[in-house]
Amino acid sequence: MRVSDLFFGSSGKMFASAGITIILCMMFIVALRLYWNRRKKAYFSMTISLVIVIIQNVILVVLNRNIGPNTAFWVQLLETIAFIIINMSIYQLYNPSRPRILAFFYTLLAISLAIAGVRTYLVTRTAADSPQHL
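Criteria and cut-off values
- Residues numbered from 1 in each chain as written.
- Predicted model: local features only at pLDDT ≥ 70, side-chain atom pairs only at ≥ 80, totals over all residues.
- Heavy atoms only, no water.
- Helix = DSSP H or I, 4+ residues; strand = E, 2+ residues; numbered from the N terminus.
- Rg over C-alpha atoms; globule rule 2.2 N^0.38 Å.
- Buried < 20%, exposed > 50% of the residue type's maximum accessible area, 1.4 Å probe, protein only.
- Contact = heavy atoms within 4.5 Å.
- Areas by Shrake-Rupley, 256 points an atom, 1.4 Å probe, with all protein chains shown as cover.
- Axes fitted to C-alpha atoms, helices over the stretch in contact; angles between N-to-C directions.
- Parallel < 35°, antiparallel > 145°, perpendicular 65-115°, else oblique.
- Left-handed = near helix turned anticlockwise from the far one by under 90°.
- Nonpolar A, V, L, I, M, F, W, Y, C, P; charged D, E, K, R; others polar.
- Patch = residues over 30% accessible without salt bridge, like charges linked within 9 Å, V, L, I, M, F, W, Y side chains within 5 Å.
- Salt bridge = Lys/Arg side-chain N within 4 Å of Asp/Glu carboxyl O.
- Expected span 1.5 Å × (residues − 1).

Enquirer: Quick question: what am I supposed to make of the overall build of the protein here?
Expert: Summing up its helical and strand segments, the protein has 5 helices and 0 strands in all. Reading the protein from its N terminus to its C terminus gives the helix and strand order α-α-α-α-α. Here the protein has a C-alpha radius of gyration of 18 Å; the compact-globule value for 134 residues is 14 Å, and the former is much larger. Across its three principal directions, the C-alpha atoms of the protein cover 55 × 45 × 20 Å. Counting the 134 residues in the protein, one finds 25% classified as buried. Across the protein, contacts joining residues at least 24 apart in sequence account for 62% of those joining residues at least 6 apart. Carbon and sulfur atoms make up 70% of the accessible area of the protein, which amounts to about 9400 Å² in all.

Pasting the structure below:
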């Protein structure tokens, strides 16, 4: 095995995800301690988003070479949801959460979940109608 194999290809993705997971776990501990000490909604949101990103990276490490299109889609959905929550938590650090902002936040989450639901429905329906699966 060459050194370049560690940084490129599927092994490189696995090592990168493993390294990122370790860093995210340390960030999770810091966010959790901040939440325990200060009790701000922003730190709770940050903790939730870090848990989602950690789950995403663990999935990438565990399913290193067996990632199909369906799994890749769900990993991207987790990434999207975590991105929305991270942005909301950063906003909450410096601004109060007004009902209008929270409604916008929940609308973005609902839209991403609705897109995921429609995509899953279409994929399963297409797979059921396909003669390959008979």
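Enquirer: How do you make sense of the packing of helix α3 (residues 41-62) against helix α4 (residues 69-94) when you look at a structure like this?
Expert: A pair of packed helices is characterised by two quantities: the angle between their axes and the separation of those axes. Closest axis-to-axis distance for the α3/α4 pair is 8 Å, and the angle between their directions is 160°. Comparing their axes, α4 and α3 come out roughly antiparallel. Read as a crossing pair, α3 and α4 show a hand that is left-handed. Split by residue class, the contact of α3 with α4 holds 17 nonpolar, 6 polar and 2 charged.

Enquirer: I keep staring at a nonpolar patch on the surface and nothing clicks. Help me out?
Expert: On the surface, I22, I23, M26 and M27 cluster together into a nonpolar patch covering about 400 Å² of accessible area. Residue position: M26 is located in helix α2 (residues 9-38).

Enquirer: Is there a simple way to explain α4 in this structure?
Expert: Within an α-helix, residues lying three or four positions from one another point in the same direction, as the helix has 3.6 residues per turn. Look at α4: 39 Å from first C-alpha to last across 26 residues, which is about the 38 Å you get at 1.5 Å a residue. The set of residues buried in α4 consists of F73, V75, L77, I81, A82, I84, I85, M88, S89 and Q92.

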